[in-house]
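Letter by letter, the chains look like this.
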Amino acid sequence: MRTLTFAVLRRLADGELHSGQTLARGLAVSRGSIWNALNEARAAGVRVQRVHGRGYRLRDRLDWLDAERIHAAVAAAGLSVRVRDCCPSTNAQMLILAEAGAPSGTVLAAEMQTHGRGRLGRPWHSGLASALTFSLLWRFDKPIAGLAGLSLATGVAIVRALREHAVDAQLKWPNDLLWHECKLGGILIEVRGDALGPCLAVIGVGLNVRLGDDEKRRIDQPAADLGAVAAAARSRSDWLIDILRALVDVLRLFDARGFAPLRSEWSSYHVHQDRAVRLTLPDGERIDGIALGIDADARLLLSTPDGVRALHAGDVSLRAQP
Ligand code: ATP
């Protein structure tokens, strides 16, 4: 979505009527440009009302991120937050920033992410100002192999933050956040660096705050959003602040002691714990068994008729047995 469209939407954020002429004059563009911007906003799912002869207003309030407030709330924890209006993928952008030397603790959040990714290049859908889509850069002195449990550690941090607000969140190995078996969010970690260290991780999170009809249509599995499942309405900024604080606590622990101290807590949140599951391997092979939990290296332990197998996340996909 173009910069002008964001500028128009911010002018409309007060919920009042604004004439096309006032908007055009205020932003020093033609009325045709305003008209195009409003059409682009509508195409992105924003409900804009036109009142004949008087102008335009938003039907629903947009839940913008408050960059200054978020930054101030987490600066003491060593984080530095940037908010972008529109970004293809916060992870891809953060990898560029990391390459250019951005410090550990840099956070990039987007009001709108247009090409979000899940594992194996699968798409992650989100609308304008209706999800948390952000990436956190963390630099480690350890070898890349020492980051095996980072995705699970990240999940623990987010579940802690959500449960503080009575959201009954659970985890699905290796990277999904669920609510009552509906997908609430996902984690995508990308690592770079030396096999022997140092290395860095870009920790990407996509979390549904208010799923729009358009996203619901595009998601091909049961999904949930915080707006529907949390006890009280909270802003995206509030959720982001709490999640970032929880992440810093967990990352410091993970950095010092690895995944081991988080292992039993992770298992307590695991949706498939002690249940019959089916794993699908990259070559299509299926393994049925009982999910026993995870080992200290974050591998899933599966009890099968041939004994206990330990599986790396890799390209493996886990589901309840049909
Ligand atoms: P696995 O269980 O193997 O991780 P997955 O289907 O959960 O598989 P991911 O790569 O974690 O795959 O996530 C991408 C998938 O998530 C998409 O293919 C889509 O089915 C689903 N998805 C995309 N956007 C959303 C969203 N906003 N909310 C919930 N689910 C989504």
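Computed from a predicted model, the values in this text were never measured in an experiment.

1. Looking at the sheet that holds strand β9 (residues 176-179)
Okay, step 1: Taken in spatial order, the seven strands of this open sheet run β3-β4-β7-β11-β10-β9-β8, and their pairing is mixed. Strand pairing shows two members of the sheet lacking a second neighbour, β3 (80-87) and β8 (169-172), which therefore form its edges. Within the sheet, the average angular offset between the axes of one strand and its neighbour, ignoring direction, is 20 degrees.
Okay, step 2: In the sheet, β8 pairs with β9 via four bridges, with the strands oriented antiparallel. Following the sheet pairing, Q170 is matched in β9 by L178.
Okay, step 3: Those strands touched by helix α5 (residues 90-99) are β3, β4 (106-113), β7 (131-140), β10 (182-193) and β11 (199-208), and its axis lies near 30 degrees from that of β7.

2. Quick word on empty space enclosed by the protein
Okay, step 1: Applying the stated criterion across every chain yields a total of one cavity of 30 Å³ or more.
Okay, step 2: Taken as a whole, the largest cavity encloses approximately 30 Å³ of empty space.
Okay, step 3: Every residue along the wall of the largest cavity is listed here: H125, S126, G127, S130, A131, N208, V209, R210, L211, G212 and E215.
Okay, step 4: Each residue belonging to the lining of the largest cavity can be placed in one class, and the counts come to three nonpolar, six polar and two charged.

3. Observations regarding helix α3 (residues 31-43)
Okay, step 1: Relative to the 18 Å expected for 13 residues at 1.5 Å per residue, α3 spans 18 Å between its end C-alpha atoms, a close match to the ideal helical length.
Okay, step 2: When we look at burial in α3, the residues that qualify are I34, A37, L38 and A41. The arc that holds the buried residues of α3, viewed along the axis, is 100 degrees, so those residues lie on one side.
Okay, step 3: Tucked inside the fold, the buried residues of α3 contact α1 (3-11), α2 (20-27), β1 (48-51) and β2 (55-58).
Okay, step 4: G45 occupies a position one or two residues after α3 and carries a positive phi of about 100 degrees.

4. A short note on the packing of aromatic side chains
Okay, step 1: This structure, assessed with the given rule, holds two aromatic pairs.
Okay, step 2: With a centroid separation of 6.1 Å and 55 degrees between ring planes, the pair formed by F6 and W64 is classed as tilted. Here the residue F6 occupies a position in helix α1, and W64 occupies one in the loop between β2 and α4 (67-74), the gap between them amounting to 58 residues. The burial state of F6 is the same as that of W64; both residues are buried.
Okay, step 3: It is K142 that lies over the ring of F254; its NZ or CZ is 5.1 Å from the centre.
Okay, step 4: Of note, R234 hangs over the ring of W239, and the distance from its end group to the ring centre comes to 4.6 Å.

5. A word on the site of the ligand
Okay, step 1: Surveying the vicinity of the ligand reveals 17 residues, the closest of which are R119, K172, K183, D220 and S317.
Okay, step 2: Across the complex, the protein chains shield 96% of the 620 Å² of accessible surface that the ligand would expose by itself.
Okay, step 3: Secondary structure elements with two or more residues in the shell around the ligand: β6 (123-124) and β16 (317-320).
Okay, step 4: Taken together, the residues of the shell around the ligand sort by class into four nonpolar, six polar and seven charged.

6. Structural notes on the sheet that holds strand β13 (residues 286-294)
Okay, step 1: Judged by pairing direction, the sheet is antiparallel, and its five strands sit side by side in the order β15-β14-β13-β12-β16 without closing on themselves. With one partner strand each, in any of the chains shown, β15 (307-311) and β16 form the two edges of the open sheet. Recorded for the sheet is a direction-independent mean angle of 45 degrees between the axes of neighbouring strands.
Okay, step 2: Judged from the five bridges that link them, strand β14 (residues 300-304) and β15 form a sheet pairing that is antiparallel. Among the inter-strand pairings, L300 is bridged to a residue of β15, identified as L311.

7. Considerations on the environment of V202
Okay, step 1: By the element assignment, V202 lies in strand β11.
Okay, step 2: Residue V202 is classed as buried on the basis of its relative accessible area, which comes to 0%.
Okay, step 3: Along the sequence, V202 and L97 sit 105 residues apart, while their C-alpha atoms lie 10 Å from each other.
Okay, step 4: Excluding residues that lie within four positions of it along the chain, V202 makes contacts with N91, M94, L95, S135, L136, L137, L188, I189 and E190.

8. Focus: the pattern of salt bridges
Any two side chains of opposite charge can pair if their charged atoms end up close together.
Okay, step 1: All chains considered together, the criterion is met by 20 salt bridges.
Okay, step 2: Taking the shortest distance from any N to any O, the salt bridge between R163 and D168 comes out at 4.0 Å.
Okay, step 3: Accessibility expressed as a relative area gives 33% for R163, which makes it partly exposed.
Okay, step 4: Through salt bridges with shared partners, one network takes in R10, D85, E111 and R236.

9. Looking at the domain arrangement of the protein chain
Okay, step 1: Entries for the protein chain in the domain assignment read domain 1 (3-58), domain 2 (67-268) and domain 3 (272-318).
Okay, step 2: Domain 1 and domain 2 are separated by 32 Å when their C-alpha centres are compared.
Okay, step 3: In this complex, domain 1 contributes five residues to the contact, which on the side of domain 2 involves five residues.
Okay, step 4: Taken as a group, F6, R10 and A44 account for 81% of the area that domain 1 buries against domain 2, more than any other trio of residues on that side.
Okay, step 5: There are two salt bridges connecting domain 1 and domain 2.
Okay, step 6: For the salt bridge of E111 with R10, the shortest nitrogen-to-oxygen distance reads 3.7 Å.
Okay, step 7: The tally of links from domain 1 across to domain 2 stands at one residue pair in polar contact (both at pLDDT 80 or more).
Okay, step 8: Along the lines of polarity and charge, the residues of the side of domain 1 that touches domain 2 split into four nonpolar, no polar and one charged.

Rules behind the numbers
Residues numbered from 1 in each chain as written. Predicted model: local features only at pLDDT ≥ 70, side-chain atom pairs only at ≥ 80, totals over all residues. Heavy atoms only, no water. Pairing = 2+ DSSP bridges. Helix = DSSP H or I, 4+ residues; strand = E, 2+ residues; numbered from the N terminus. Axes fitted to C-alpha atoms, helices over the stretch in contact; angles between N-to-C directions. Contact = heavy atoms within 4.5 Å. 1 Å grid on protein atoms, 1.4 Å probe; cavity = no way out; pocket = protein on both sides within 12 Å on 5 of 7 lines; lining within 4 Å. Points joined across faces, edges and corners; volume = space filled by probe spheres on them. Nonpolar A, V, L, I, M, F, W, Y, C, P; charged D, E, K, R; others polar. Expected span 1.5 Å × (residues − 1). Buried < 20%, exposed > 50% of the residue type's maximum accessible area, 1.4 Å probe, protein only. Arc of directions from axis to C-beta. Phe/Tyr/Trp six-rings, centres within 6.5 Å; stacked < 30°, edge-to-face > 60°. Lys NZ or Arg CZ within 6 Å of the ring centre and 35° of its normal. Near = heavy atom within 4 Å. Areas by Shrake-Rupley, 256 points an atom, 1.4 Å probe, with all protein chains shown as cover. Salt bridge = Lys/Arg side-chain N within 4 Å of Asp/Glu carboxyl O. Domains from an automatic or database assignment. Buried area = accessible area lost by both parts, 1.4 Å probe. Polar contact = N/O pair within 3.5 Å; in protein donor to acceptor, adjacent residues only side chain to side chain.

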